[in-house]
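# Summary of structural features
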Amino acid sequence: MSRISEITIAVESGKQKLIEELVQEALDDGESPNAILDKGMVPAMMSVGEKFQKNEVFVPELLLAAKTMKKGVEIIRPHLSSDALGKMGKVIIGTVAGDLHDIGKNLVALMIEAAGFEVIDLGVDVSPAKFVETLKEHPDCKIIAASALLTTTMNSLKNTVDEVHAAGYKDKVKIMIGGAPVTQEYADKIHADAYTPDAGSAAKKAIELVS
Ligand code: B1M
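Because the structure is predicted, anything quoted here is derived from the model rather than measured.

### Here's the deal with the sheet that holds strand S2 (residues 117-121)
Pairing is parallel in the open sheet, where 5 strands are placed in the order S2-S1-S3-S4-S5. The open sheet terminates on both sides in strands that have one partner only, identified here as S2 and strand S5 (194-195). Across 5 bridges, the pairing between strand S1 (residues 89-95) and S2 is parallel. Pairing of Val91 across the sheet is with Val119, part of S2. Sitting on the sheet, helix H7 (residues 154-169) is in contact with strand S3 (141-147) and strand S4 (174-178), with an inclination near 175 degrees to S4.

### Structural notes on the packing of helix H1 (residues 3-12) against helix H3 (residues 33-53)
A pair of packed helices is captured by two measures, namely the crossing angle of their axes and the spacing between those axes. At their nearest, the axes of H1 and H3 sit 8 Å apart, and the two run at 35 degrees to each other. Pair H1 / H3 crosses with right-handed handedness. Where H1 approaches H3, its residues Ile4, Ile7, Thr8, Val11 and Glu12 are matched on the opposing element by Ala35, Ile36, Lys39, Gly40, Met41, Ala44, Ser47 and Val48. By residue class, the composition of the contact of H1 with H3 is 8 nonpolar, 3 polar and 2 charged.

### A short note on a nonpolar patch on the surface
On the surface, a cluster of nonpolar side chains totalling about 260 Å² of accessible area is made up of Phe52, Val59 and Leu63. Tracing the chain through its elements places Leu63 in helix H4 (residues 59-80).

### A word on the coordination of the cobalt atom of the ligand
From the protein, the cobalt atom of the ligand takes a single donor atom, His101 (NE2), 2.2 Å away. Tracing the backbone through its elements, the reader meets His101 in the loop between S1 and helix H5 (103-114).

### Section: the nonpolar core
The nonpolar side chains of a soluble globular protein tend to be buried, and buried together. Counting residues in each nonpolar core, the largest one holds 40 residues, and the members touching the most others are Ile7, Ile36, Leu37, Met41, Met69 and Ile76. Sorting the residues of this core by element identifies H1, helix H2 (16-28), H3, H4, S1, H5, S3 and helix H9 (199-210) as the ones contributing at least two each. Residue contributions to this core peak at 7 residues, all from H4. If we ignore the near neighbours within four places in the chain, the residues touching Met41 are Ile7, Val11, Ile36, Met69, Gly72, Val73 and Ile76. Core analysis: the next-biggest nonpolar cluster, separate from the first, contains 25 residues, Ile120, Phe131, Val173 and Ala187 among them.

### What about the pattern of salt bridges?
If you walk through the whole model with that rule in mind, you get 10 salt bridges. Of the charged contacts in the structure, one is a salt bridge between Lys90 and Asp140, with a shortest N-O distance of 3.3 Å. In this pair, Lys90 sits in strand S1 while Asp140 sits in the loop between helix H6 (128-137) and S3, placing the two residues 50 residues apart along the sequence. Residue Asp140 is classed as partly exposed on the basis of its relative accessible area of 46%. Note that Glu208 is salt-bridged to Lys205, the shortest N-O span being 3.2 Å. In this pair, Glu208 and Lys205 are both assigned in helix H9, 3 residues apart and thus about one turn of the helix distant.

### Points about the packing of aromatic side chains
Under the counting rule described, the total for this entry stands at 0 aromatic pairs. Taking the ring centre of Tyr169 as reference, the NZ or CZ of Lys172 above it sits at 5.8 Å.

Here is what the cut-offs are and how they apply
Residues numbered from 1 in each chain as written. Predicted model: local features only at pLDDT ≥ 70, side-chain atom pairs only at ≥ 80, totals over all residues. Heavy atoms only, no water. Pairing = 2+ DSSP bridges. Helix = DSSP H or I, 4+ residues; strand = E, 2+ residues; numbered from the N terminus. Contact = heavy atoms within 4.5 Å. Axes fitted to C-alpha atoms, helices over the stretch in contact; angles between N-to-C directions. Left-handed = near helix turned anticlockwise from the far one by under 90°. Nonpolar A, V, L, I, M, F, W, Y, C, P; charged D, E, K, R; others polar. Patch = residues over 30% accessible without salt bridge, like charges linked within 9 Å, V, L, I, M, F, W, Y side chains within 5 Å. Areas by Shrake-Rupley, 256 points an atom, 1.4 Å probe, with all protein chains shown as cover. Salt bridge = Lys/Arg side-chain N within 4 Å of Asp/Glu carboxyl O. Donors = N, O, S within 2.8 Å, 3.2 Å for Na, K, Ca; no water. Core = buried A, V, L, I, M, F, W, Y, C linked by side-chain atoms within 4.5 Å. Buried < 20%, exposed > 50% of the residue type's maximum accessible area, 1.4 Å probe, protein only. Phe/Tyr/Trp six-rings, centres within 6.5 Å; stacked < 30°, edge-to-face > 60°. Lys NZ or Arg CZ within 6 Å of the ring centre and 35° of its normal.

Written out as structure tokens, the structure is:
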């Protein structure tokens, strides 16, 4: 079995102790951090998600898989960071109000950081007011990246865009949105500047937005 497959299985089955060792071994074998993420850990989390939807696994198993993935991500984080860290400018990122999902948001933050941005991560359940307050503290910030995983919190994306624009930042900062229920159509509807479906394309789009 390949190291990547072992990583997938370790995340799926919540093997927190094993994951760090496996990810380190994969790096030592020459696997790229992106491959470990995209071919190993992300599919594992997707698979756990599907099982959750079918009631084949429950919240404790989900959380265990999520924690295992986080541990794996910490091992690859230094390998994703470049010397150019922060040179592209600042990005404020957060999961919107009412929403506690952070695995995808953390991946987006990681990839954007690896693309050379300084990332200010506000965590989860971030109110529109908190985004605006942080913008005021960092007037040189170029991008706000907001994530939503629940259909019920998509409206928080709209509120975030509205409040940032109302605070006078419409032409000063770009707003990127994403998350499983989000679409390009929705981004257009709420006047967000960009939508991307995954972490890799989010990093590319961030570069495009400031270029
Ligand atoms: Co929740 N949950 N959850 N959950 N959960 C979903 C999202 C759900 C689809 C599962 C389901 O029932 N079918 C469903 C939402 C249904 C809906 O609204 N359409 C759901 C629900 C209902 C809930 C609760 C309400 C359950 C309850 O309590 N009854 C509750 C809500 C809590 C809250 O937020 N207020 C809840 C809680 C939880 C846990 C805490 C148990 C846990 C979160 C742990 C954590 O994040 N720390 C959890 C999990 C793990 C999931 C699933 C299984 C997996 C999500 C995930 O991490 N995926 C999810 C089902 C699923 O997705 N199949 C589900 C892996 C991750 C890599 O993908 O986050 O989509 P994702 O990120 C992707 C892209 O979306 C994109 O990039 C990433 C990949 O590269 N992306 C962006 C994300 N943000 C982006 C931002 C961008 C660009 C791209 O630009 C800024």
